[in-house]
Amino acid sequence: MRWYSSAAFLGAMMLATTACSTAPLAPPAVDVSGNWVGTWQYDNVQMGSGDLRGTFQQSGQTLTGNFNVTGPVVNRVAQLNGAVAGNEIILTTPASGRLTVSGNQITGVINGLNPARVTMRKQ
C-alpha cells in the first residue's frame, strides 16, 4: 500500500518527538542556516524514497525551518524545530532525528513510524 508508506513517513515527520535530556547541549560548532538539498530513503527501501529540500534558520543552538519533500508522501511540507549541538542537528518536532554536519553535507536518520535516511548538501 503505497499511500500507507507515504502517510507513515509524514506521520512520523508530524507526530514524533524526541525524548528530553537533562544534560546540557554542547555549543554549536557549525551554522546550518540556509538552503540544503538532497535525498531521503526509508530504511525499508521498498517503502520509497524521494528528494528533500531544507531551509534552516539557526540562532545559537536553536534551529527552525522547513522540509519540502517529494516522493511517495502525502504532505510535502513540514515545519521543523530542533537544536544544533557540536556538529549535530537534533530534531525535536515534527519528527525526532539526529543528523551529522560534515562540511557542506548533512547525513543521518529521521525517526518515526518508519525511519528514513537523509543526505543533504548546502546550496
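These figures come from a predicted structure and were not determined experimentally.

S.K.: Now, about unusual backbone geometry: what can you tell me, with residues and values included?
M.R.: Where the residue is not glycine, phi is negative for most of them; where a peptide bond is considered, it is trans in most cases. Residues threonine 93 and proline 94 are joined by a peptide bond in cis, for which omega reads 5°. Considering the arrangement of structural elements, one finds proline 94 in the loop between strand E5 (88-93) and strand E6 (96-102).

S.K.: Please give an account of the sheet that holds E6 that cites residues and values.
M.R.: If you walk around this closed barrel you meet the eight strands as E1-E2-E3-E4-E5-E6-E7-E8, and the pairing is antiparallel. Pairs of neighbouring strands in the sheet enclose a mean axial angle of 30°, with direction left out of account. Of the pairings in the sheet, the one linking E5 to E6 comprises four bridges and is antiparallel in character. Residue pairing for E6: isoleucine 90 is matched across the bridge by arginine 98.

S.K.: Run through the environment of tryptophan 40, naming residues and quoting values.
M.R.: Relative to the helices and strands, tryptophan 40 is located in strand E1 (residues 34-42). Looking at tryptophan 40, the relative accessible area reads 2%, which means it is buried. Separated by 30 residues in the primary sequence, tryptophan 40 and threonine 70 have C-alpha atoms spaced 9.1 Å apart. A distance of 2.9 Å separates a polar atom in the side chain of tryptophan 40 from the backbone oxygen of threonine 70.

S.K.: I'd like to hear about the packing of aromatic side chains, residue by residue, with values.
M.R.: One pair of aromatic rings is described through two measures. These are the centre distance and the angle between the planes. This model, assessed by the stated rule, comprises three aromatic pairs. Note on tryptophan 36 and phenylalanine 56: the rings are 6.5 Å apart at their centroids and 35° apart in plane angle, and the pair reads as tilted. Remark: phenylalanine 56 occurs in strand E2 (residues 49-59) and tryptophan 36 occurs in strand E1; sequence separation between them is 20 residues. Each of the two residues, tryptophan 36 as well as phenylalanine 56, counts as buried. Between phenylalanine 56 and phenylalanine 67, the ring centres sit 5.8 Å apart and the planes meet at 85°, which makes this aromatic pair edge-to-face. With phenylalanine 56 in strand E2 and phenylalanine 67 in strand E3 (residues 62-69), this residue pair connects regions lying eleven residues apart in the sequence. For phenylalanine 56, a relative accessible area of 3% corresponds to the buried category. The exposure class assigned to phenylalanine 67 is buried, which follows from its relative accessible area of 2%. Among the aromatic residues, those joined into a ring-pair cluster are Trp36, Phe56 and Phe67.

Basis of the calculations
Residues numbered from 1 in each chain as written. Predicted model: local features only at pLDDT ≥ 70, side-chain atom pairs only at ≥ 80, totals over all residues. Heavy atoms only, no water. Helix = DSSP H or I, 4+ residues; strand = E, 2+ residues; numbered from the N terminus. Pairing = 2+ DSSP bridges. Axes fitted to C-alpha atoms, helices over the stretch in contact; angles between N-to-C directions. Buried < 20%, exposed > 50% of the residue type's maximum accessible area, 1.4 Å probe, protein only. Polar contact = N/O pair within 3.5 Å; in protein donor to acceptor, adjacent residues only side chain to side chain. Phe/Tyr/Trp six-rings, centres within 6.5 Å; stacked < 30°, edge-to-face > 60°.

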